[in-house]
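Residues per chain, in single letters:
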Amino acid sequence: MQIIPLFVSFTEISFIIFVLVMVFGADKIPEIAKGLGKGVRGIKSATDEIKGEVMKNVYDSGKETGDVTREVKKHIPEGKQELENLTGSVKRR
């Protein structure tokens, strides 16, 4: 993942803060910041829940596929032998 820098200078940031103070007033800015913080925490919590569910499903699926993997591994030597018999004198380098 590549991070693209935002080329915002100190002057532009201070102008944005000035406009926010003018539009919302100094009293409302802490309330807005608090609401944004709650929103970010809510999104992070939801993301963690989704990750947990996905990982749980992956783990549970791994248990089921482990049996299949063992079965396949049992038959690999047989398959190799049949391939050797089929190819005969043709050998790989």
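Calculation criteria
Residues numbered from 1 in each chain as written. Predicted model: local features only at pLDDT ≥ 70, side-chain atom pairs only at ≥ 80, totals over all residues. Heavy atoms only, no water. Helix = DSSP H or I, 4+ residues; strand = E, 2+ residues; numbered from the N terminus. Buried < 20%, exposed > 50% of the residue type's maximum accessible area, 1.4 Å probe, protein only. Areas by Shrake-Rupley, 256 points an atom, 1.4 Å probe, with all protein chains shown as cover. Expected span 1.5 Å × (residues − 1). Patch = residues over 30% accessible without salt bridge, like charges linked within 9 Å, V, L, I, M, F, W, Y side chains within 5 Å. Salt bridge = Lys/Arg side-chain N within 4 Å of Asp/Glu carboxyl O.

**A short note on the overall build of the protein**
Helix and strand counts for the protein come out as two helices and zero strands. In the protein, buried positions account for 1% of the 93 residues. Surface summary for the protein: the accessible area is close to 9200 Å², and the carbon and sulfur share equals 65%.

**Considerations on helix α1 (residues 10–24)**
Look at α1: 21 Å from first C-alpha to last across 15 residues, which is about the 21 Å you get at 1.5 Å a residue. Downstream of α1 by a residue or two, G25 has a phi angle that is positive, lying close to 85°.

**Digging into a nonpolar patch on the surface**
A surface patch of nonpolar side chains, about 990 Å² in accessible area, is lined by F15, I16, F18, V19, L20, M22, V23, F24, I32 and L36. The set of elements that each furnish at least two residues to the nonpolar patch consists of α1 and α2 (28–87). Among the elements that line the nonpolar patch, the one with the most residues is α1, at eight residues. Its relative accessible area of 34% is what places V19 among the partly exposed residues.

**Section: the pattern of salt bridges**
Two side chains that carry opposite charge are able to pair once their charged atoms sit near each other. This structure, assessed with the given rule, holds three salt bridges. Residue K44 pairs with D48 through a salt bridge whose shortest N-O separation is 3.7 Å. With K44 and D48 both in helix α2 and four residues apart, the pair spans about one turn of that helix. The shortest N-O distance in the salt bridge between K74 and E71 comes to 3.0 Å. With K74 and E71 both in helix α2 and three residues apart, the pair spans about one turn of that helix. By relative accessible area, K74 is classed as exposed at 53%.

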